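Listed here are the chains, written in short residue letters.
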Amino acid sequence: MSTNIEAAAVASISKATRAFLAAPRKMLIGGEWVDAISGKMLSTFDPSNGDAITSVPAAAAADIDVAVQAARRAFDSDEWRNLRPVDRELLLLRLADEVEAHGDEFAELECLDNGKSLVLARRVDIKNTVEFLRYIAGWATKIEGSTIDVSLPRARDGEYFAYTRKEPIGVVGAIIPWNFPLMMAAWKIGPALATGCTVVLKPAEETPLTALRLGELLEKVGYPKGVVNIVTGTGIDAGAPLAAHPGIDKIAFTGSTEVGKLVGRAAMDNMTRTSLELGGKSPVIVLEDANPRAVIGGAASAIFFNQGQACTAGSRLYVHKKLFDQVIGGIAEKAAKMKLGSGLDPATQIAPLISERQRDRVWSYIEAGKAQGAQAVAGAARPDNSGYFVEPTVFVDADQKMRIVQEEIFGPVLVAIPFEDLNEVTEMANDSPYGLGASIWSHDLNKIHRLIPKIKAGTVWVNCHNMIDPALPFGGFKHSGIGREMGRAVIDMYTETKSVCMAI
Ligand code: NAD
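On a predicted model such as this, the values are computed, not experimentally measured, just so you know.

### Here's the deal with the overall build of the chain
Alright, step 1. The secondary structure content of the chain amounts to 18 helices and 22 strands.
Alright, step 2. Computed over C-alpha atoms, the radius of gyration of the chain comes to 24 Å, within 12% of the 23 Å expected from 2.2 N^0.38 for 504 residues, which places it in the range of a compact globule.
Alright, step 3. Expressed as lengths along the three principal axes of its C-alpha atoms, the size of the chain is roughly 75 × 60 × 40 Å.
Alright, step 4. Across the 504 residues of the chain, 57% fall into the buried class.
Alright, step 5. In the chain, of all internal contacts separated by at least 6 residues, the share reaching a separation of at least 24 is 74%.

In structure tokens:
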């Protein structure tokens, strides 16, 4: 990796992004840009070289309290309540237009803050954010209850008229991870605003910048003060008090299963509604009739996309033994040729991981794989540079009990295991605490249809992987979470159902 390329690429950052990063940032509470009450700040780092980019307020419980109160006032205000569904739709459409207009700036911020490729940030993060906001805007005008014929005993000449109403759940606390920061912010804020809720959003401490920039655009398009509050800080100091705050009505969390369980427990004490989008260890299942060339490209992208830092990363590869050598050889060859580098370099295929801690964590799994007897056929060597890089790595000679097969690594590390029959691969695919995604590669419809109902995962892809659409419900079985985002399903997660029964 050449440091000259990095210097040239850094020089290409736009004036707008430079201006945004020129001074320490403030957070958005009650329509004001403020520091933390303690005055403390947190630095955010460029993962390609470890340099500090800028700093943001380090919020704690007192700041969360003020933000929740601001969100409550906004929720109860006539200004917000009296907006018609069509007004909420229009605001979200305007927000989508603004994000699109500032797409390059958002992509640069995401690239600098998260380390990801600028090309990927534009094509995936920003594009999905804009499309998701437009999709969810449409739901604001399509929220419906139903009329229900009840069988209650009738008083003489009497009848009953019964129906349901969908009402906004209230103040939403949203806690998001660092892997797709802007997208994750949109996935929480979008449905909250479409349904008429108000929000306190806490971005990950590693990647607060695009959420803060989004805050400026939320103001610009005309959201009333306090409808969206963006509070920056660590998980322990800011996330935990938000999850445990009795003043929120719902917590929407995306992150690790370990923290998701803490958040769920804290929420339960206040009977706070919860949706949890958690970790994964998604199997990629290649049947014997699959097209090996399509599988090699598809499986490599399923794991190496975003440096393996995707909750649905295809990290376990089960290949029919007839195709095993050919498919693994092809993926290993691809992995060995992938170019590591700064996300600002358009030629980069593997950008740095988010942090030193994450790099060391992924590295410890590579060591564990070797120690438990798996063989690396690609990668597994430490790159010689200052950023948080991990080479794309492919393990074979693994068994189900190994840590690299059972635990979420969240890095560019693939483990491949051969199989002979459908029952065996079904058992191995389901032998995991997680159940977020899975893909099947085949054109044998009989086998595909027999397999789909048996796979314990929230999404099953066929001949593709990591395809996430705003209209398609997304979420996990088992320890991968509770609830569904996207589609009609997400509206249920941000509304309460009120039943009305009138004697008439
Ligand atoms: P993480 O759980 O460490 O952190 C996620 C968020 O929770 C951050 O904002 C963090 O500050 C906050 N947090 C940390 N400790 C907290 C606490 N005690 N109380 C409240 N909040 C706390 O996860 P991460 O490392 O940022 O992200 C990676 C994880 O996210 C992976 O497990 C990945 O699979 C998962 N993820 C899941 C999805 C999905 O949709 N299912 C999407 C993206 C990422």
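### Some thoughts on the packing of aromatic side chains
Alright, step 1. In the structure shown here, the tally under the stated rule is six aromatic pairs.
Alright, step 2. Each ring, one from F132 and one from W187, has its centre 6.4 Å from the other, and the planes form 45 degrees; the classification is tilted. One end of the pair, F132, is in helix α7 (residues 118-139); the other, W187, is in helix α8 (residues 181-195), with 55 residues separating them in the sequence. Comparing F132 with W187, the two get one shared label, buried.
Alright, step 3. Taking the centre distance of 5.4 Å and the plane angle of 75 degrees together, the rings of W178 and F410 count as edge-to-face. Taken together, the positions of W178 in the loop between β7 (171-175) and α8 and F410 in the loop between α15 (403-406) and β16 (413-419) put the pair 232 residues apart, joining distant regions of the chain.
Alright, step 4. Residue W178 is classed as buried on the basis of its relative accessible area, which comes to 11%.

### Regarding the environment of G247
Alright, step 1. Note that G247 resides in the loop between α10 (235-243) and β10 (250-254).
Alright, step 2. Between the C-alpha atoms of G247 and V171, which are 76 residues apart in sequence, the distance is 7.6 Å.
Alright, step 3. Apart from the residues within four sequence positions on either side, G247 is in contact with V68, R72 and V171.

### Topic: the layout of surface pockets
Alright, step 1. In this structure, the largest pocket occupies an estimated 1000 Å³ of space.
Alright, step 2. F253, G255, S256, V259 and R357 are, among the 38 residues lining the largest pocket, the residues nearest its centre.
Alright, step 3. Breaking the lining of the largest pocket down by element, the ones donating at least two residues are α10, β10, α11 (257-269) and α14 (356-371).
Alright, step 4. Residues of the lining of the largest pocket, tallied by class, amount to 20 nonpolar, 10 polar and eight charged.
Alright, step 5. Of the volumes computed, that of the second largest pocket is approximately 610 Å³.
Alright, step 6. In terms of lining residues, the second largest pocket is bounded by 32 residues, among which V124, F305, N466, M467 and I468 are the most central.
Alright, step 7. Taken together, the elements giving at least two residues each to the lining of the second largest pocket come down to α7, α8 and α12 (292-304).
Alright, step 8. It is α7 that contributes the most residues to the lining of the second largest pocket, six residues altogether.
Alright, step 9. Within the lining of the second largest pocket, the residues separate by chemical class into 18 nonpolar, eight polar and six charged.

### Side note on the site of the ligand
Alright, step 1. Around the ligand, 27 residues are found, and the nearest of them are I176, E205, S256, L278 and E408.
Alright, step 2. Within the side chain of K202, a nitrogen or oxygen atom sits 2.9 Å from an oxygen atom of the ligand.
Alright, step 3. A distance of 2.8 Å separates a nitrogen atom of the ligand from a polar atom in the backbone of L278.
Alright, step 4. Calculation on the ligand without its partners gives an accessible area of 850 Å², and the protein chains cover 91% of this total.
Alright, step 5. For the ligand, the cavity whose grid points lie within 2 Å of the majority of its atoms is the largest pocket.
Alright, step 6. Of all the elements in the fold, those that place two or more residues in the shell around the ligand are α10, β10 and α11.

### Topic: the sheet that holds strand β6 (residues 160-168)
Alright, step 1. Spatially, three strands are ordered β5-β6-β22 in an open sheet, and the strand pairing comes out antiparallel. Only two strands of the sheet have a single neighbouring strand rather than two, namely β5 (147-148) and β22 (495-503).
Alright, step 2. In this sheet, β6 lies alongside β5 in antiparallel orientation, the contact comprising two bridges. From the neighbouring strand, T147 faces β6, where its bridge partner is Y163.

### So, helix α16 (residues 422-430)
Alright, step 1. Buried within α16 are the following residues: L422, V425, T426, M428, A429 and N430.
Alright, step 2. Buried residues along α16 sit against β12 (283-286), β13 (316-320), β16, α17 (445-451) and β20 (477-478).
Alright, step 3. A distance of 2.9 Å separates the backbone nitrogen of N423 from a side-chain oxygen at the start of α16, and that oxygen is part of D421.

### Section: the packing of α7 against α8
Packed helix pairs are characterised by how far apart their axes lie and by the angle those axes make with each other.
Alright, step 1. As a packed pair, α7 and α8 sit with axes 9 Å apart at the nearest point and diverge in direction by 5 degrees. With respect to α8, the element α7 is oriented roughly parallel. Only P181, L182, M183, A186, W187, G190, P191 and A194 of α8 make contact with α7, whose side of the interface consists of V124, D125, I126, N128, T129, F132, L133 and I136.

### A look at empty space enclosed by the protein
Alright, step 1. If you walk through the whole model with that rule in mind, you get three cavities of 30 Å³ or more.
Alright, step 2. There is about 60 Å³ of room inside the largest cavity.
Alright, step 3. Residue lining of the largest cavity: 15 residues in total, with P283, Y434, G435, G437 and K456 positioned closest to the centre.
Alright, step 4. Mapped onto the lining of the largest cavity, the elements with two or more residues apiece are α16, β17 (434-435) and β18 (437-441).
Alright, step 5. In the lining of the largest cavity, the residues fall into seven nonpolar, five polar and three charged.
Alright, step 6. Counted as a void, the second largest cavity has a volume near 50 Å³.
Alright, step 7. The wall of the second largest cavity is formed by G280, K281, I303, G308, A310, C311, A313, S315, E408, I409, F410 and G411.

What counts and what doesn't
- Residues numbered from 1 in each chain as written.
- Predicted model: local features only at pLDDT ≥ 70, side-chain atom pairs only at ≥ 80, totals over all residues.
- Heavy atoms only, no water.
- Helix = DSSP H or I, 4+ residues; strand = E, 2+ residues; numbered from the N terminus.
- Rg over C-alpha atoms; globule rule 2.2 N^0.38 Å.
- Buried < 20%, exposed > 50% of the residue type's maximum accessible area, 1.4 Å probe, protein only.
- Contact = heavy atoms within 4.5 Å.
- Phe/Tyr/Trp six-rings, centres within 6.5 Å; stacked < 30°, edge-to-face > 60°.
- 1 Å grid on protein atoms, 1.4 Å probe; cavity = no way out; pocket = protein on both sides within 12 Å on 5 of 7 lines; lining within 4 Å.
- Points joined across faces, edges and corners; volume = space filled by probe spheres on them.
- Nonpolar A, V, L, I, M, F, W, Y, C, P; charged D, E, K, R; others polar.
- Near = heavy atom within 4 Å.
- Polar contact = N/O pair within 3.5 Å; in protein donor to acceptor, adjacent residues only side chain to side chain.
- Areas by Shrake-Rupley, 256 points an atom, 1.4 Å probe, with all protein chains shown as cover.
- Sits in = over half its atoms within 2 Å of the grid points.
- Pairing = 2+ DSSP bridges.
- Axes fitted to C-alpha atoms, helices over the stretch in contact; angles between N-to-C directions.
- Parallel < 35°, antiparallel > 145°, perpendicular 65-115°, else oblique.

Take it as geometry only, folks, not as evidence of what the structure does.
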